[in-house]
Amino acid sequence: MLPLLIRLAVIALIIYVFYKAIRYITDPKRKLDEAYEKGQYYFYDDVKNVRKNFFISYKGALFEGEKYLGTTEDAFEVVTIFVGARDAAALQGFTKSDFEYLQQEILLNYPNAKINWKQPIEKLMQNTSS
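The model shown is predicted, which means the values in this text are computed figures rather than measured ones.

The next thing to look at is the packing of aromatic side chains. Within this structure, the stated rule accounts for twelve aromatic pairs. Centroid distance Y68 to F82: 5.7 Å. Interplanar angle 85°. Geometry classified as edge-to-face. A residue pair is termed long-range when its members are at least 10 positions apart, and Y68 in strand β3 (residues 61-71) and F82 in strand β4 (residues 76-85) qualify at 14 residues. The exposure class of Y68 is partly exposed, given its relative accessible area of 38%. Each residue in the set Y41, Y58, F63, F94, F99, Y101 and W117 is aromatic and connected to the rest through ring pairs, giving one cluster. Cation over ring: K29 sits above F55, and NZ or CZ is 5.0 Å from the ring centre. For the cation-ring pair, R30 lies above Y24, with the distance from its terminal atom to the ring centre recorded as 5.1 Å.

On to unusual backbone geometry. The amide bond that connects Q119 to the next residue, P120, takes the cis arrangement and shows omega of 0°. If you trace the backbone, P120 turns up in the loop between β5 (114-117) and α4 (121-129). One non-glycine residue, K59, lies in positive phi territory at about 50°. For K59, the location among the structural elements is in the loop between β2 (54-58) and β3.

As recorded in UniProt, the feature "transmembrane region" (unreviewed entry) lies at residues 6-22. Split by type, residues 6-22 is 100% helix and 0% strand. Its first and last C-alpha atoms lie 24 Å apart.

Residues separated by three or four positions in an α-helix point in the same direction, a consequence of the helix having 3.6 residues per turn. Its 14 residues give helix α3 (residues 96-109) an end-to-end C-alpha distance of 21 Å, which sits within 8% of 20 Å, the value for a rise of 1.5 Å per residue. Listing the buried residues of α3 in full gives D98, F99, L102, E105 and I106. Viewed along the axis of α3, the buried residues span an arc of 115°, placing them on a single side of the element.

Our focus in this paragraph is the pairing of β5. Where β4 lies against β5, four bridges are found, and the strand directions are parallel. Note that in β5 the partner of T80 across the bridge is K114. Handedness of the crossover joining β4 and β5 through α3 is recorded here as right-handed.

On to the sheet that holds β3, then. Consider a sheet: its strands pair through backbone hydrogen bonds, and that pairing is either parallel or antiparallel. Spatially, β1-β2-β3-β4-β5 is the arrangement adopted by the five strands of the open sheet, whose pairing is mixed. Pairing within the sheet leaves two strands with one partner each, and these edge strands are β1 (42-44) and β5. Averaged over all adjacent pairs, the angle separating strand axes in this sheet is 20°, with direction ignored. As defined by bridge partners, β2 adjoins β3 across five bridges and the pair is classed as antiparallel. Counted as the bridge partner of S57 is L62 from β3. Set on the sheet, helix α2 (residues 28-38) makes contact with β1, β2 and β3; between it and β1 the angle comes to about 145°.

Conventions and cut-offs
- Residues numbered from 1 in each chain as written.
- Predicted model: local features only at pLDDT ≥ 70, side-chain atom pairs only at ≥ 80, totals over all residues.
- Heavy atoms only, no water.
- Phe/Tyr/Trp six-rings, centres within 6.5 Å; stacked < 30°, edge-to-face > 60°.
- Helix = DSSP H or I, 4+ residues; strand = E, 2+ residues; numbered from the N terminus.
- Buried < 20%, exposed > 50% of the residue type's maximum accessible area, 1.4 Å probe, protein only.
- Lys NZ or Arg CZ within 6 Å of the ring centre and 35° of its normal.
- UniProt positions renumbered as here; feature names shortened; annotations may be inferred.
- Expected span 1.5 Å × (residues − 1).
- Arc of directions from axis to C-beta.
- Pairing = 2+ DSSP bridges.
- Right-handed = clockwise from strand over helix to strand, strands pointing away.
- Axes fitted to C-alpha atoms, helices over the stretch in contact; angles between N-to-C directions.
- Contact = heavy atoms within 4.5 Å.

Written as structure tokens, this is what we have:
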């Protein structure tokens, strides 16, 4: 009887470790951190939860977007988004086209949103559009 219980415990432990490994590998937050370290693009968002901010890793910079719910003609949707960089020093070398690319990527998920950039990005976008 005791050897059977030990075998069941070992099998349960193996299944648990396998489950945790799969969860770790597929964790989107881990993927965001990895993309940020490598300077790659990654969009991390919980589209169904308006209260949670989204994060974008792009060219070694980390951006955070704050979503605000509002009304459209047909429904309640995200209508305003404020996007800012976590570290303004990481923006060195960014151009207006980089921010336009990020804007298009955000609009893929939130087509009815008006995107507002926080300082210093806002100043760049205003200066080059004038």
